[in-house]
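Notes for the structure review
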Amino acid sequence: MLTKQHQSNVTRLKASRNVCTNITPKTAEEHKPRAKEFYIRDKKLTGFWIRVSPNGRKVYGCYGRLFGVGKECRVTIGSTDLYSATQARKIATKHLQNIKAGIDPKSVAKTEAEKTPNTIESLLELYLETHKDSMKPRYAYDFEYRLKRNFSSLLHKDVKEL
């Protein structure tokens, strides 16, 4: 005796990898991680998004095409924990204006990083400036004195050359 195998006429829908909504400060909290990465895209500002990873990490970003028709440029702004939706939207607006004007934000960042020489002396000043609150004045003085005295020949060399 043979029985008929019934095939279902119902098509299973896949979960979309894109969700379109107005991004507000609470949008990132409302969406939970899925098995695959997905994007929450903004209806107001085209190209502005939140990427939600399966591990729960949520990041603001934007993308556009150079001159509106060229190569696609993606820029990650930062974590939803670090930036509010309004801050990220302002940053995304600036990036998108530059992209539409033909300026690639990643290449601009590379050239700026190459322009500023990272010498031991400049890094020493930066370190002392950022950590002055946690250091005792005598330690800061001693640290700077010993570095300048013992590494005087290397102070003005670029760190990449070492």
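The text that follows walks through the structure, step by step, so that each part is easy to find. Sequence order as written defines residue numbering, which begins from 1 separately in each chain. Side-chain atom pairs in this predicted model are given and counted only at pLDDT of 80 or more, local residue features only at pLDDT of at least 70, and totals for whole chains, interfaces and linings cover all residues. To get the side-chain values, take all heavy atoms of the structure and skip hydrogens and water.

This paragraph deals with unusual backbone geometry. Although it is not a glycine, Phe67 sits at a positive phi angle of roughly 55°. One can find Phe67 in the loop between β4 (58–65) and β5 (72–79). Burial status follows relative accessibility: with a 1.4 Å probe on protein chains alone, a residue under 20% of its type maximum counts as buried, one over 50% as exposed, and anything between as partly exposed. Overall, the relative accessible area of 59% leaves Phe67 in the exposed class. Secondary structure follows DSSP: runs of H or I at least 4 residues long count as helices, runs of E at least 2 residues long count as strands, and numbering of each begins at the N terminus.

Our next topic: the nonpolar core. What we call a nonpolar core is a set of buried Ala, Val, Leu, Ile, Met, Phe, Trp, Tyr and Cys residues that are connected through their side-chain atoms within 4.5 Å. Ranked by internal contacts, the top residues of the largest apolar core, which has 20 residues, are Ile23, Ile40, Phe48, Ile50, Tyr60, Ile77 and Ala92. Going through the elements one at a time, β2 (38–42), β3 (48–52), β4, β5 and α2 (85–100) are the ones with two or more residues in this core. Broken down by element, the residue count for this core peaks at 5 residues, all from α2. In what follows, a contact means two residues having at least one pair of non-hydrogen atoms within 4.5 Å. Apart from residues lying up to four places away in sequence, Ile23 is in contact with Ile40, Arg41, Asp42, Phe48, Trp49, Ile50, Tyr60, Ala85 and Arg89.

Among the structural elements, Gly70 can be located in the loop between β4 and β5. Residue classification places Gly70 among the partly exposed positions, given a relative accessible area of 27%. C-alpha separation for the pair Gly70 and Lys100, spaced 30 residues apart in sequence, amounts to 9.4 Å.

By definition, the strands of a sheet pair up through backbone hydrogen bonds, in either a parallel or an antiparallel sense. Spatial ordering of the open sheet is given by β1-β2-β3-β4-β5, a layout of 5 strands whose pairing is mixed. This sheet does not close on itself; its edge strands, each paired only once, are β1 (18–21) and β5. On average, adjacent strands in this sheet sit at an angle of 25° to one another, irrespective of strand direction. Strand pairing follows a simple DSSP-based rule, namely that at least 2 bridges must link the two strands. For β3 and β4, the ladder comprises 5 bridges, and the chain directions are antiparallel. Residue Arg51 lies in a different strand from β4, and its bridge partner there is Val59. Along the sheet face, α2 touches β2, β3, β4 and β5 and points at about 20° away from the line of β4. Between N-to-C directions, angles span 0 to 180 degrees; the directions come from axes that are lines fitted to C-alpha atoms, helices contributing only their stretch in contact.

Running from N to C, helix α4 (residues 120–131) and helix α5 (residues 137–150) point in directions that differ by 175°, and their axes come no closer than 11 Å. One way to sum up the angle between α4 and α5 is to call them roughly antiparallel. Across from Ile120, Glu121, Leu124, Tyr127 and Leu128 in α4, the residues of α5 making contact are Ala140, Phe143, Glu144, Leu147 and Lys148. Polar here means any residue outside two lists: the nonpolar Ala, Val, Leu, Ile, Met, Phe, Trp, Tyr, Cys and Pro, and the charged Asp, Glu, Lys and Arg; Gly therefore counts as polar. Split into classes, the residues belonging to the contact of α4 with α5 amount to 7 nonpolar, no polar and 3 charged. Here roughly perpendicular refers to angles of 65 to 115 degrees, roughly parallel to angles under 35, roughly antiparallel to angles over 145, and oblique to all remaining angles.

As a further point, take the side chain of Asp42. As for its position among the elements, Asp42 is in strand β2. For Asp42, a relative accessible area of 7% corresponds to the buried category. Contacts described as polar in this section are N or O atom pairs within 3.5 Å, which, within protein, must combine one atom able to donate a hydrogen with one able to accept it, while residues neighboring in sequence count only if both atoms come from side chains. A polar contact is formed between the side chain of Asp42 and the backbone nitrogen of Leu45, at a distance of 3.1 Å. Residues contacting Asp42, with those up to four places away along its chain left out, are Thr21, Asn22, Ile23, Phe48 and Arg89.

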